[in-house]
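# Results of the structural survey
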Amino acid sequence: MGRTPRVTRDQVLGAAREAFVERGFDGATLADIGSRIAVSPAALLRHAPTKRALFLAAMGEEEPDMVPLEFLKGFSGREDPVPILRSVGEALVPFLETKIREVVARWVYFKTLRGIGRMPLPFDPKRRPTPPQRNLKFLEDYLRRAGRHGTVKIRDSRASALAFLATLHSYVFLQQVMEVLEEPMPLDQYLDAVLEAWTRGVVVEGGRTR
């Protein structure tokens, strides 16, 4: 007899998370989840007694890589900010695209349950600072350093960081959830427009009617 493949809890939860995000709670089966890591449905139940328990574990636990903007700590602020801000978009947008699909999958499931409490987030909201707060702080601190060295000209580093991140969040939300475009806009094209607005400005001086 062949031996049952050994898998870790992280592998099981990762496969379950993928399946639930792609197919929802009802559409994802234990057989589908098990096939992703080459184990039987029975092997999955060693890690969670029911499909519901597996969903709660997979979709409610904090993941280790929740701070994609931590790389900003490595910049002094003297560098050209344009490629750095582009790197922020290139790091954060794919992260958000994955997370928003997970959030939608949670919402579709948890809105049908009574007495379940708050919908689980992919992080513990009671642990401060939260990953979103940390990402904001990394960008805020970088912009403050860049302002001191004269590579950016901003009045409020926190508001500017919030505005830049809000722009990236909107890009993901409008395309992934609202589907405002018939054909998705490539990230490079969008970042070109955002960085042009940040570096050259949008409103022509003297072009507004007083």
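Residues numbered from 1 in each chain as written. Predicted model: local features only at pLDDT ≥ 70, side-chain atom pairs only at ≥ 80, totals over all residues. Heavy atoms only, no water.

### Notes on the pattern of salt bridges
Applying the stated criterion across every chain, the model contains ten salt bridges. Here E18 ties to R36 by a salt bridge, and the two come within 3.6 Å at their closest N and O atoms. Of this pair, E18 sits in helix α1 (residues 9–27) while R36 sits in helix α2 (residues 30–36), and the two are 18 residues apart along the sequence. A relative accessible area of 45% places E18 in the partly exposed class. Overall, the relative accessible area of 28% leaves R36 in the partly exposed class. For the salt bridge of D141 with K137, the shortest nitrogen-to-oxygen distance reads 2.9 Å. Of this pair, D141 and K137 both sit in helix α6 (residues 131–148), four residues apart, which is roughly one turn of that helix. In this structure D141 comes out as partly exposed when scored by relative accessible area, which is 22%. (Salt bridge = Lys/Arg side-chain N within 4 Å of Asp/Glu carboxyl O. Helix = DSSP H or I, 4+ residues; strand = E, 2+ residues; numbered from the N terminus. Buried < 20%, exposed > 50% of the residue type's maximum accessible area, 1.4 Å probe, protein only.)

### What to know about the side chain of E140
With respect to the helices and strands, the residue E140 is situated in helix α6. A distance of 2.7 Å separates a polar atom in the side chain of E140 from a polar atom in the side chain of R144. With residues near it in sequence (within four places) discarded, E140 still touches S157, R158 and A161. (Polar contact = N/O pair within 3.5 Å; in protein donor to acceptor, adjacent residues only side chain to side chain. Contact = heavy atoms within 4.5 Å.)

### Observations concerning a nonpolar patch on the surface
Judged by side-chain polarity, F173, L174, V177, M178, V180 and L181 come together as a nonpolar surface patch covering roughly 500 Å² of accessible area. Within the secondary structure layout, F173 lies in helix α7 (residues 157–176). (Patch = residues over 30% accessible without salt bridge, like charges linked within 9 Å, V, L, I, M, F, W, Y side chains within 5 Å. Areas by Shrake-Rupley, 256 points an atom, 1.4 Å probe, with all protein chains shown as cover.)

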